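Spelled out, the chains give:
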Amino acid sequence: MAHPDLPHEQAYVDNAYACLDRMREALERSPAAGAGEVAQEALEAWASRRLVTFADAERGLCFGRMDVDGAAAPLYVGRRWVHDEGHSVLVVNWQAPAARPFYTATPVAPHGVTLRRRFRTRGREVLDISDEALDGSLEDGAAAVDDFLLEELERSRDVHMRDIVATIQADQYRLIARDPAPPLVVQGGPGTGKTAVGLHRASFLLYTHREELRRILVVGPNPTFMDYVSHVLPILGEDGVDQRAVAELVDGVEVSRADAPDVERLKADLRLADVVRRAVELRLEPRAESFEARLDGAYVRVRDEEVEPLLAEVRAELGVGNAARERFRLELVRRLYGQYTAKLGARAFAAADEVERALRRAGLTRYVDRVWPVVKPDAVVGQLLGNRTRLREAAGDLLDAGEQRLLVRRAAGWSRADVPLLDLARALLVEPPRRYGHVIVDEAQDLTPMELAMVARRMGGAFTLLGDIAQGTGPVPYDAWDELTAHLPGDAAVEELEHAYRVPREIMDFALPLLPAIASDVRPPRSYRTGAAAPRVLVAGDPLARAFAEAADLAGDDALVAVIAPASLRGDGAAGSVFDERRVPVLTPREAKGLEFDHVVVVEPAQIVDEGGATGLRELYVALTRPTKSLLVTHARELPPLLR
C-alpha cells in the first residue's frame with residue numbers, strides 16, 4: 001500500500017525541482033554579467049563547474065526530511081541547496097550542519113528529531129517513503145529503513161563508484177564529519193565503506209573548512225582504482241580536490257617497468273633517501289672561484305675565499321634547490337653592485353638592473369653555472385641506479401655490496417618504487433612539491449616508508465588514512481597502524497568501521513578463517529547483509545578456462561564480473577580491460593584492491609598464496625572479498641588449509 005503522504009511529498013519535490021530549474025537558468029545567464037572578456041571567461045568557467053551539481057540532482061535531488069521538535073516546518077535534506085524565489089530554503093545540502101541530525105539521530109540521542117523520513121526516488125519521481133520515529137512509536141520503521149539501505153546495497157555494481165549521500169550510516173558520518181585535525185586513521189575491513197567515507201570526507205571538509213584548507217589531495221593505490229572512484233567528487237560538485245594514484249604523484253613520470261620483490265623492498269627503505277641526498281651533494285660539491293668584471297672603468301670582484309662561506313650560508317638556509325641558487329646569484333649581484341657604487345661614488349650612474357645586465361654580459365651567468373651547476377634530478381636518480389661507481393660513491397656505508405648490486409640495473413624506464421626517489425631528488429634540486437590543506441590516502445596500508453615520505457612532503461595540514469591492516473600486500477607489510485603513522489607528522493587517532501555493508505555474510509564467513517593468520521589484532525567485520533548464495537568451490541583440470549566459462553555465464557543482466565587469478569596465470573595486459581564492457585577483466589589480487597564486483601571468480605587460491613610470498617594469505621583475503629553477490633572458486637591444486 002502506498003504511503004498516504006506520497007502525493008504531498010511528490011508535490012514538495014516537484015516544487016523544489018521547479019525552483020532548481022530557475023536557479024540553473026540564472027546560473028547559465030551569469031557569464032553575460034561579467035564586465036569584460038576576462039571576467040566573462042572566469043564566470044563561465046565557474047558556472048560550468050557549478051552546473052555539474054545541478055545535473056547530478058536529476059539522480060535524486062531530495063532523499064529525505066526530518067521533523068524537529070519546536071521547528072515550524074520539516075527540514076528536507078538532499079544533494080544540493082535549493083531555495084525559492086523568496087530565498088526561503090527548500091532543500092538543505094547534506095554537508096550543512098543543519099543536516100547532521102538526519103544522519104546521527106538515534107532513539108537514545110534524537111538531537112531534537114521526532115521523525116526521520118527517507119525517500120526512494122527515480123529521477124524526479126518519489127517512489128516510496130519510509131518513516132522512522134525516534135521515539136519508537138512506529139513499530140516497523142527501522143525495518144523499512146533497512147529495506148531502503150539493502151536495496152541500494154544490492155544494486156548491480158557500476159563501472160564507476162557511486163556516491164552514498166542518501167545512505168550514509170551514522171558510523172560513517174561521524175568520520176566523514178570529523179574535524180580536519182588531528183590526523184585520522186580509518187581502519188575497516190572489506191565492504192565497510194572506507195573509500196566512500198574518504199571521498200565524502202573530502203567533500204565535507206571543503207564545504208566546512210574551504211578557506212582554511214583551500215585544496216585537498218586524494219591518493220589511491222593505482223590508476224585503475226582512481227578511475228573507478230574519480231567520478232564521485234565532481235558529481236558532488238567539488239573541484240578543489242586533486243586525485244592521483246601514488247605512482248602518479250610526480251608529474252611527467254610514467255611507470256613502465258616492475259621491480260623484483262627484493263628490489264622493491266630495498267627501495268622502500270628510508271636509507272635510500274640518504275643515498276639520494278648524498279648523490280645530490282656529490283654533484284653539487286662547492287667549486288669556489290673568483291669573479292671579476294669592469295663596470296664603467298671600475299673593477300669589481302668577489303674572491304674565492306668570499307664565495308665559499310657564501311655558498312655554505314645559502315645552502316644551510318635554503319638547501320640546494322632553484323630558490324637557493326637564485327639567492328646565491330642575487331647575493332653576488334648585490335655585493336658587486338655595492339663595490340661599484342663605493343668605487344665610483346657620484347659617478348655611479350647605472351641602476352641596479354643595468355649593473356646586473358652588465359655583469360651577465362661580463363660572464364656572471366657562466367660563472368654561476370661553474371660554481372653552482374644546474375643538475376637535473378631525474379639524471380641524478382638514473383645515474384645512481386645505472387652506474388655502479390656513482391652508486392658506490394653515494395651509498396658508501398649506507399648499503400652493503402649485495403644491496404648495491406640489487407639496485408644497479410641496465411634497463412631503461414621507471415618503476416613505482418623509483419617514484420619516491422625522483423620526488424625527493426626534485427624536491428632537493430628544483431623545489432618542494434605543492435602542499436595541500438588536507439591529504440587523504442586510500443589503501444594506505446600498502447604504502448612503503450619512502451612513499452609515505454613522498455606523501456608527507458605534500459602535507460600542509462593534517463591527513464586521513466583509509467585502509468585495512470589485514471589487506472596489506474605492499475612490499476613492507478605492517479602489523480599495526482602505529483608502525484605506518486610513525487613515518488608521518490602528528491599523532492593520529494585510529495577509528496574503526498565494523499559493519500561490512502557490501503560483502504554478504506555468506507561470502508565474508510568463507511574468507512574470515514584467514515583473518516587470525518594475517519592480522520590477529522584486527523577485529524572481524526560484521527556483515528550487514530545476509531541471504532546470498534553460499535560460495536561455490538569447483539575442482540577443474542584447467543581452473544582458468546573454467547573460470548572464463550563461469551564468468552561468461554555470470555556476465556548477463558548488466559552484472560559486473562571479474563576473474564581474479566595469480567599473476568603467472570593472468571598473463572600480461574589483461575588488467576587494462578577492467579572497465580571494458582565487452583570483456584571480463586582478469587586481475588591479480590593486488591590489481592583488484594579496493595574494487596568491487598557483483599560476481600567474482602577466484603582462480604587457484606593455493607597459487608595466489610604461493611606467489612604472494614609473505615603476503616600471500618592477505619592477497620587471497622583481498623580476492624575472496626571483492627564480490628557483492630556471488631563468489632566462485634576454481635582450483636586444481638588442493639585449497640589452502642584455512643579454506644578446507
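The rules we used
Here the residue numbers are simple positions, counted from 1 along each chain's written sequence. Only residues with pLDDT of at least 70 are given local features in this predicted model, and only at 80 or more are side-chain atom pairs given and counted; all residues enter the totals for whole chains, interfaces and linings. By convention in this description, side-chain values take in all heavy atoms of the structure and omit both hydrogens and water. Working definition: helices are DSSP H or I runs of at least four residues, strands are E runs of at least two. Numbering for both runs from the N terminus. Exposure classes here rest on a 1.4 Å probe applied to the protein chains alone. A residue is buried below 20% of its type maximum, exposed above 50%, and partly exposed in between. We call two N or O atoms a polar contact when they sit within 3.5 Å, provided that within protein one can donate a hydrogen and the other can accept it, with sequence-adjacent residues counted only if both atoms are side-chain atoms. Scored from 0 to 100, pLDDT records how confident the predictor is in each individual residue. Whether two residues are in contact is decided by their heavy atoms: any pair within 4.5 Å suffices. Expected span, for any helix, means 1.5 Å times one less than how many residues it has. Bending is quantified residue by residue as the angle between axes fitted to the seven-residue window ending at that residue and the seven-residue window starting at it. By convention a nonpolar core is built from buried Ala, Val, Leu, Ile, Met, Phe, Trp, Tyr and Cys residues, the set being connected through side-chain atoms within 4.5 Å. Here a pair means two rings of Phe, Tyr or Trp (six-membered ring of Trp) with centres within 6.5 Å. Their orientation is stacked below 30 degrees between planes, edge-to-face above 60, and tilted elsewhere.

**Description of the side chain of Arg 117**
By the element assignment, Arg 117 lies in strand S5 (residues 113–122). The buried category is assigned to Arg 117, whose relative accessible area is 3%. Here the side chain of Arg 117 touches Asp 5 through a polar contact of 2.8 Å, side chain to side chain.

**Some thoughts on the confidence of the model for the chain**
When pLDDT is averaged along the chain, the result is 90; 91% of the residues meet or exceed 70. pLDDT under 50 marks residues 573–577. Its contacts with residues more than four places away, or in other chains, come to eight contacts.

**Thoughts on helix H6 (residues 194–213)**
Here H6 spans only 22 Å end to end across 20 residues, well under the 28 Å set by a 1.5 Å rise per residue. The largest bend in H6 is about 70°, located at Tyr 207. Arg 214 occupies a position one or two residues after H6 and carries a positive phi of about 65°.

**What to know about the nonpolar core**
Within the largest apolar cluster, 154 residues are counted, with the highest numbers of intra-cluster contacts made by Trp 94, Leu 359 and Leu 624. The element contributing the most residues to this core is H6, with eight residues.

**A closer look at the packing of aromatic side chains**
Within the structure shown, the criterion is met by ten aromatic pairs. Ring geometry for Tyr 76 against Phe 119: centres 6.3 Å apart, planes inclined by 40°, an arrangement best described as tilted. Placement of Tyr 76 in strand S2 (residues 75–78) and of Phe 119 in strand S5 is noted, with a sequence separation of 43 residues between them. Residue Phe 119 is classed as buried on the basis of its relative accessible area of 6%. Note on Phe 291 and Tyr 367: the rings are 5.2 Å apart at their centroids and 45° apart in plane angle, and the pair reads as tilted. You can see Phe 291 sitting in strand S10 (residues 291–295) and its partner Tyr 367 sitting in helix H14 (residues 364–371), a full 76 residues away along the chain.

**Let's talk about unusual backbone geometry**
In this chain, Ala 181 is followed by Pro 182 through a cis amide linkage whose omega measures 5°. Its identity as a non-glycine residue notwithstanding, His 111 has a phi of 55°, on the positive side. Mapped onto the elements, His 111 comes out in the loop between helix H3 (100–104) and S5. Phi angles above zero are rare outside glycine, and Glu 443 is one such case at about 50°. Mapped onto the secondary structure, Glu 443 falls in the loop between strand S12 (436–441) and helix H19 (449–456).

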